[in-house]
Amino acid sequence: MTAEVRTRVRIPLRLDGGVAVEADAVTFRGLADGGEHLAFVLGAPGDVPLVRPHSECLTGDVFGSARCDCGPQLAEAVERISATGGYLLYLRQEGRGIGLYNKLDAYALQDQGLDTYAANAALGLPEDARDYTVAAQMLEALGATEVDLLSNNPDKAAQLRKAGIVVREQVPTGVFATENNVRYLRAKAEQTGHTLPGLAS
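Residues numbered from 1 in each chain as written. Predicted model: local features only at pLDDT ≥ 70, side-chain atom pairs only at ≥ 80, totals over all residues. Heavy atoms only, no water.

Asker: Even after reading the chapter, I still don't get the pattern of salt bridges, so can you show me in this structure?
Answerer: Two side chains carrying opposite charge are able to pair once their charged atoms lie near each other. For the structure shown, the criterion picks out 9 salt bridges. Two residues, Arg 130 and Asp 128, come together in a salt bridge whose shortest N-O distance is 2.8 Å. Given a relative accessible area of 12%, Arg 130 falls into the buried group. Classification of Asp 128 by relative accessible area gives partly exposed; the value is 27%. Each of the salt bridges in this network shares a partner with another, and the network as a whole consists of Arg 8, Arg 10 and Asp 24. (Salt bridge = Lys/Arg side-chain N within 4 Å of Asp/Glu carboxyl O. Buried < 20%, exposed > 50% of the residue type's maximum accessible area, 1.4 Å probe, protein only.)

Asker: What am I meant to see in the pairing of strand E3 (residues 38-42) here?
Answerer: When a strand is regular, its side chains alternate between the sheet's two faces. Of all 5 residues in E3, 4 are buried; the element is thus mostly enclosed. Strand direction decides the pairing type here: strand E2 (residues 19-29) and E3, joined by 4 bridges, are antiparallel. Within the sheet, the bridge partner assigned to Asp 24 lies in E3 and is Val 41. Here E3 runs beside strand E5 (residues 86-91); their pairing, made up of 5 bridges, is antiparallel. Counted as the bridge partner of Leu 38 is Tyr 90 from E5. (Helix = DSSP H or I, 4+ residues; strand = E, 2+ residues; numbered from the N terminus. Pairing = 2+ DSSP bridges.)

Asker: Help me out: how do you make sense of a nonpolar patch on the surface in this one?
Answerer: Together, Leu 58, Val 62 and Phe 63 make up a nonpolar patch on the protein surface, roughly 320 Å² of accessible area in all. Following the sequence through the fold, Val 62 ends up in helix H1 (residues 58-62). A residue is classified by how much of its surface remains accessible, and Val 62, at 55% relative accessible area, is exposed. (Patch = residues over 30% accessible without salt bridge, like charges linked within 9 Å, V, L, I, M, F, W, Y side chains within 5 Å. Areas by Shrake-Rupley, 256 points an atom, 1.4 Å probe, with all protein chains shown as cover.)

Asker: Just checking my understanding: could you explain the nonpolar core for this structure?
Answerer: The nonpolar side chains of a soluble globular protein tend to be buried, and buried together. Counting 24 residues, the largest nonpolar core has Tyr 87, Leu 89, Leu 139 and Leu 160 as its most contacted members. Breaking this core down by element, the ones donating at least two residues are E2, E3, E5, helix H6 (133-141), strand E6 (146-150) and helix H7 (154-162). Sort the elements by how many residues they give to this core and H6 lands first, with 5 residues. In this structure, Leu 160 is in contact with Pro 53, Tyr 132, Ala 135, Ala 136, Leu 139, Leu 149, Ile 165 and Val 167, ignoring residues within four places of it in sequence. (Core = buried A, V, L, I, M, F, W, Y, C linked by side-chain atoms within 4.5 Å. Contact = heavy atoms within 4.5 Å.)

Asker: Help me understand unusual backbone geometry in this model?
Answerer: Among all residues save glycine, negative phi is the norm, and among peptide bonds the norm is trans. Located in the positive-phi region is Arg 96, a residue other than glycine, with phi close to 55°. With respect to the helices, strands and loops of the structure, Arg 96 is situated in helix H3 (residues 94-97). Relative accessible area serves as the criterion here: at 10%, Arg 96 is assigned to the buried category.

Below is the structure:
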């Protein structure tokens, strides 16, 4: 299935840590899941743009929740991509694809001692329900079939490659550990192979 650009509009972005940039927000038609996903064009993308597929996190991105590293990762990605030129793909995949309410239910189980993946399983939900087909469609619609991927998650690279996107290099993001999210980050490193130095043990 092929997607195409629907609209493109200029938006000034102001993010955590004082990050302030101008971006073009791009909407699409024909995405496989019918979702309202966005691409932000940052800087001047070259032949091999820097790309971050960022999954929506209302609690972290908007309210600054310290239970995850999503807000700081989003701000870092916008700043780094703006400097080199590329795309931030904002994917409507709250809670690794399980939705906001289920994510909060999983938080309650984490408060009882379960890690993020065990909490999902206890709710009868997949550890990670995200599908990056739409990310590949968005990149193709933008004319970006070879990218450098800004991510610590090997599954993102694997899924994009399977969907036909050439991932030239996987570029690690920072590690934004706090006393509130260190268990969450350690679980990502140990259970799904995220590249998070110093947190795997």
